[in-house]
Amino acid sequence: MINRVFLIVLDSFGIGALPDAGEYGDAGSDTLAAIARSSRFSAPNLRRLGLFHIDGVSAGEPAPKAEGSFARLGERSKGKDTTIGHWEIAGLVSPEPLPTYPGGFPREIIERFEQATGRKTLCNRPYSGTKVIEDYGVRHMETGALIVYTSADSVFQIAAHEDVVTPELLYEYCRAARGILTGRHAVGRVIARPFTGEYPLFRRTANRHDFSLAPPRQTMLDLLAEKGFDTLAVGKINDIFAGRGVTFAERTINNIDGMNKTIALLNEDFRGLCFVNLVDFDMLYGHRNDADGYAAAVSDFDRQLGEFLGIMKDEDVLIITSDHGCDPSTPSTDHSREYTPMLVTGKPIKPGINLGTRKSFSDIAATVLDIFGIEDTLEGESFLPQVRQSDVAPANEL
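What counts as what
- Residues numbered from 1 in each chain as written.
- Predicted model: local features only at pLDDT ≥ 70, side-chain atom pairs only at ≥ 80, totals over all residues.
- Heavy atoms only, no water.
- Buried < 20%, exposed > 50% of the residue type's maximum accessible area, 1.4 Å probe, protein only.
- Helix = DSSP H or I, 4+ residues; strand = E, 2+ residues; numbered from the N terminus.
- Pairing = 2+ DSSP bridges.
- Contact = heavy atoms within 4.5 Å.
- Phe/Tyr/Trp six-rings, centres within 6.5 Å; stacked < 30°, edge-to-face > 60°.

Draft legend 1. Highlighting helix α3 (residues 82–89). Taken across its eight residues, α3 has eight buried, putting it largely inside the fold. Where α3 is concerned, the buried positions are Thr82, Thr83, Ile84, Gly85, His86, Trp87, Glu88 and Ile89. Gly91 sits one or two residues past α3 and shows a positive phi near 100°.

Written as structure tokens, this is what we have:
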């Protein structure tokens, strides 16, 4: 019987352009191919699980025999951002993209936000998160005005120096923005971006916090929690789902911390799902077009993955996937519309099963719910019958 599923999302780890990538300006994008060219890329554990056996992946030499089962996942939702990518993984397909603001937010939104906070705003246009504090940080500190900016994604970001606006007060401002950004302006995330230091050495801190739009319908987290299963959220997961369906949440400061906390949870007594997001690949490297840094981060993850695999229990299943791409080798610094990988392993899982190219990320949700014997009306098709060892019974009862 399977008691626990560990679902780890390598944020932005795409493996090649989707057929409709050209509609998003992402034709030819391939995050994995870009980072695999770096001398800092080393992924022996991902390799042995089957990463280079996945359909369409030609960035590395396949292992002689894949120890896990594997697939390439397409995205049915319209978009390429973190929120709808994770929602689809959790069984909720978004037929319409979340709103974006390539020209900045409408004046009426900014005026309402300024009225709610009692502070003026700066910038109000798409910007790099590091460049925006370099260009506006001094003026912010002189005037107290908040730095508001966006990107190609559906985000309303607020940057403030911690000596001018404490993180707690910045979070209050974000909650005010979240209350304003509804209806046709319901962006996926309002993000607090605290920073410290002095010009020209401003630096963002680990006090980032995301205030996400609540999922419009049930997800696998809701269904698992309703049936009494544990739902553990590590990293950004609790933020992405606005806390819905989460029974335990653990914040992280970086990928290594996230994996350390996930490894520690292997020793905890729970039954259900541990859902993990590792954001550094995207936030620190993909968006900064730092292929070498991205490659090194994958190598660090792979080392910790080896530790994780070595202490998994016999009733555990591990699923590794992603939510979108962020090819660091293209001129763009934004997400890319790509296929994502899926690797599945554990004693209850057959090795070497090629699940092909799946139509939706939501096949993961369908499979997780199938593992725990939950009938649902979410999107997706379970692949459990194809990968479950013949002597492993489904978990139909608590």
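Once you've had a look at it, read on.
Draft legend 2. Just the pairing of strand β6 (residues 189–196), in detail. When you tally the buried positions in β6, you get eight out of eight residues, the bulk of the element. A two-sided burial pattern is seen for β6, the buried positions comprising Arg189, Ile191, Arg193 and Phe195 on one face and Val190, Ala192, Pro194 and Thr196 on the other. Strand direction decides the pairing type here: β6 and strand β8 (residues 209–212), joined by four bridges, are antiparallel. Paired with Val190 across the strands is Phe211, a residue of β8. Here β6 runs beside strand β7 (residues 203–204); their pairing, made up of two bridges, is antiparallel.

Draft legend 3. The side chain of Glu75, seen in detail. If you trace the backbone, Glu75 turns up in the loop between β2 (69–73) and α3. Given a relative accessible area of 8%, Glu75 falls into the buried group. Beyond its immediate sequence surroundings of up to four residues, Glu75 is in contact with Leu18, Lys80, Ile84, Gly85, Glu88, Asp323, Arg337, Lys359 and Phe361.

Draft legend 4. Just the packing of aromatic side chains, in detail. On inspection of all chains with the given rule, the structure shows 12 aromatic pairs. Between Phe6 and Phe308, the aromatic rings sit 5.3 Å apart at their centres with planes inclined by 75°, giving edge-to-face as the arrangement. With Phe6 in strand β1 (residues 4–10) and Phe308 in helix α11 (residues 291–311), the pair connects residues that are 302 residues apart, well separated along the chain. For Phe6, a relative accessible area of 0% puts it in the buried group. By relative accessible area, which is 0% here, Phe308 ends up buried. Centroid distance Phe195 to Phe202: 5.2 Å. Interplanar angle 75°. Geometry classified as edge-to-face. The exposure classification of Phe195 matches that of Phe202, with both residues buried.

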